[in-house]
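Here is how the chains run, residue by residue.
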Amino acid sequence: MSAGPLMLDIAGTELTHEDCIRLSHPLVGGVILFARNYESPAQLDSLTAAIYALRNPPLLIAVDQEGGRVQRFRDGFTRLPPMRTLGKIYDSDAGRALHLANQTGYVLASELKACGVDLSFTPVLDIDYGQSCVIGDRAFHREPQAIADLACALMNGMKSAGMAAVGKHFPGHGAIQADTHVETAVDTRSYAVIDKEDLIPFHRMINAGLSGIMAAHVIYPAVDPNPAGFSSKWLQRILRHDLGFNGCVFSDDLCMQAARNYGSITHRAEQALQAGCDMVLICNDSDTADELLGSLQWKCSAASMARLEHMRGQPAIHSLIQLREMQSFCRATEEISRINPN
């Protein structure tokens, strides 16, 4: 069975019968985990093993494990700092900040891979304009070049642990106050301004080998009346053609309020896939997921399937117990703990 274009969530800390039915559907290609799916590293390891056993090839398993406010797995995992902490260190000692960003990426990815998680939707490449209520300290910095430097270091740390990185939220979520989880978000700036500021970290990361990008549910009316994740202008003309991105494109959650204005869940998924997304996320609404599974007609292209398979990264070579016995891992976690304000 080939991978499908849908990424769904599950109910709890182990698979239910309903979860198994949904995840076995041929339209499904991935699972995203949340804090409600986690109790301990041992439990997470068992859960991911059960998910892998459902399908061949196995489903892609993802999580939002950025650090700071957005860290789904906490007890038993290293507490990762908010990315703004690294940005503040960068202002006084850029070399140390880049080293810490690399170590953070290595620890983040190593712990997830050791428990069977394929990828984290990180790093955040949005600019900290001091405007966004939902981005805030998730952003590295106000300056695009500083973001690019720190994000590249984090990505390289992740790569050293065998995990691909996913930059978000293309083409930039930092200049607006609105939270797309609960309201429509509109960024009225011109393309020239966005290109000069917000696209710089994405362009730098693409040139450095970024494997995945998540599109924003933000409308940029100067470019397209549709949100970026539903826009072929943003995803195909600008991202793929102009910026030269050849990796995997993920939608943000299609059940967020900013996406609900665009018709039924089937229409939303079709619009996102036709615009250029390789995989779309449907989270925290099992009835909507079931509706989509019963109505969507879509087959991933060979190119999309190859891009999704690339997101799996390298197999983990260490258990979490083995990791914590490695001197390099211990040094990295100690350095991170010393700078973490949490």
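Refer to the structure presented above.
Throughout, residues of each chain are indexed from 1 in the direction in which the sequence is written. Whole-chain, interface and lining totals are the exception, using all residues; otherwise, since this is a predicted model, local features are given only for residues with pLDDT of at least 70 and side-chain atom pairs are given and counted only at 80 or more. Working from all heavy atoms in the structure, the side-chain values ignore hydrogens and water.

**What to know about the packing of helix 3 (residues 83-92) against helix 5 (residues 144-160)**
Each packed pair of helices is defined by two parameters, the angle between the axes and the distance between the axes. Our working rule: To obtain each axis, a line is fitted to C-alpha atoms, and for helices this fit is confined to the stretch in contact; angles are then taken between N-to-C directions over 0 to 180 degrees. Under the scheme used here, helices are H or I runs from DSSP no shorter than 4 residues and strands are E runs no shorter than 2 residues, and both carry numbers assigned from the N terminus. In this scheme the crossing of two helices becomes right-handed for a clockwise turn of the near helix relative to the far one and left-handed for an anticlockwise turn of less than a right angle. Contacts are residue-level and defined by heavy atoms, with any inter-residue pair within 4.5 Å sufficient. Amino acids are sorted into nonpolar (Ala, Val, Leu, Ile, Met, Phe, Trp, Tyr, Cys and Pro), charged (Asp, Glu, Lys and Arg) and polar (every other residue, Gly among them).
In the contact formed by helix 3 and helix 5, the axes pass within 11 Å of each other and the chain directions differ by 115°. The chirality of how helix 3 crosses helix 5 is right-handed. Of the residues in helix 5, those touching helix 3 at M83, L86, G87 and Y90 are A146, D149, L150 and L154. Its residues assigned to classes, the contact of helix 3 with helix 5 comprises six nonpolar, one polar and one charged.

**Focus: the packing of helix 4 (residues 94-114) against helix 14 (residues 327-339)**
Interaxial distance between helix 4 and helix 14 falls to 9 Å at its minimum, and their mutual angle equals 120°. Two packed elements cross with a definite hand, and for helix 4 against helix 14 that hand is left-handed. Along the contact surface, helix 4 presents R96, H99, L100, Q103, T104, Y106, V107, S110 and E111, while helix 14 presents S328, F329, A332, T333, E335, I336 and I339. Classifying every residue of the contact of helix 4 with helix 14 gives seven nonpolar, six polar and three charged.

**Remarks on the nonpolar core**
Nonpolar side chains in soluble globular proteins tend to be buried together. Our working rule: The term nonpolar core refers to a set of buried residues drawn from Ala, Val, Leu, Ile, Met, Phe, Trp, Tyr and Cys, joined through side-chain atoms within 4.5 Å. Using a 1.4 Å probe on the protein chains alone, a residue whose accessible area is under 20% of its type maximum counts as buried, one over 50% counts as exposed, and one in between counts as partly exposed.
Counting residues in hydrophobic clusters, the biggest one holds 96 residues, and the most contacted among them are L33 and F170. When sequence neighbours within four positions are dropped, the list of residues in contact with L33 reads I10, L44, L47, T48, I51, I61, A62, V63, R72, F73 and V117. M7, A62, F121 and V166 belong to the second-largest nonpolar core, a separate cluster that totals 18 residues.

**Focus on the packing of aromatic side chains**
Filter applied, for reference: Aromatic pairing here means that ring centres of Phe, Tyr or Trp (its six-membered ring) are within 6.5 Å. Orientation follows from the plane angle: under 30 degrees is stacked, over 60 is edge-to-face, and everything else is tilted.
In total, this model carries nine aromatic pairs according to the counting rule given. Measuring from ring centre to ring centre gives 5.1 Å for F121 and F250, while their planes differ by 75°; the resulting arrangement is edge-to-face. Placement of F121 in the loop between strand 6 (119-120) and helix 5 and of F250 in strand 12 (residues 248-253) is noted, with a sequence separation of 129 residues between them.

**Notes on the sheet that holds strand 12**
The condition that has to hold: Any two strands are treated as partners once DSSP identifies two or more bridges connecting them.
The eight strands are arranged 6-3-2-1-13-12-9-7 in an open sheet whose pairing can be described as parallel. Of all the strands in the sheet, just strand 6 and strand 7 (166-170) have a single pairing partner and so form its edges. One ladder, built from four bridges, connects strand 2 (residues 28-33) with strand 3 (residues 60-63); its direction is parallel. The residue of strand 3 that forms the bridge with I32 is A62.

**Observations concerning the pairing of strand 13 (residues 279-282)**
Burial along strand 13 is two-sided: the residues M279 and L281 and V280 and I282 are all buried. Where strand 1 (residues 6-8) and strand 13 come together, three bridges link them in parallel fashion. Residue L6 lies in a different strand from strand 13, and its bridge partner there is V280.

**Topic: helix 3**
Within the span of helix 3, buried status applies to M83, T85, L86, G87, I89 and Y90. Among the structural elements, strand 4 (65-67), helix 4, helix 5 and helix 14 are those in contact with the buried residues of helix 3.

**Some details on the sheet that holds strand 8 (residues 185-186)**
Spatially, 8-10-11 is the arrangement adopted by the three strands of the open sheet, whose pairing is mixed. This sheet does not close on itself; its edge strands, each paired only once, are strand 8 and strand 11 (224-227).

**Re the pattern of salt bridges**
Note on pairing: side chains with opposite charge can pair once their charged atoms come close. Let me state the cut-off plainly: When a carboxyl oxygen of Asp or Glu lies within 4 Å of a side-chain nitrogen of Lys or Arg, that pair is called a salt bridge.
Taken as a whole and assessed by the stated rule, the structure comprises 17 salt bridges. The salt bridge partner of K168 is E66, with a shortest N-O separation of 2.8 Å. One end of the pair, K168, is in strand 7; the other, E66, is in strand 4, with 102 residues separating them in the sequence. Each member of the pair, K168 together with E66, is buried. Across the pair D187 and R189 runs a salt bridge, and its minimum N-O distance is 2.8 Å. A network of salt bridges, in which partner residues are shared, links D64, E66, R72, R138 and K168.

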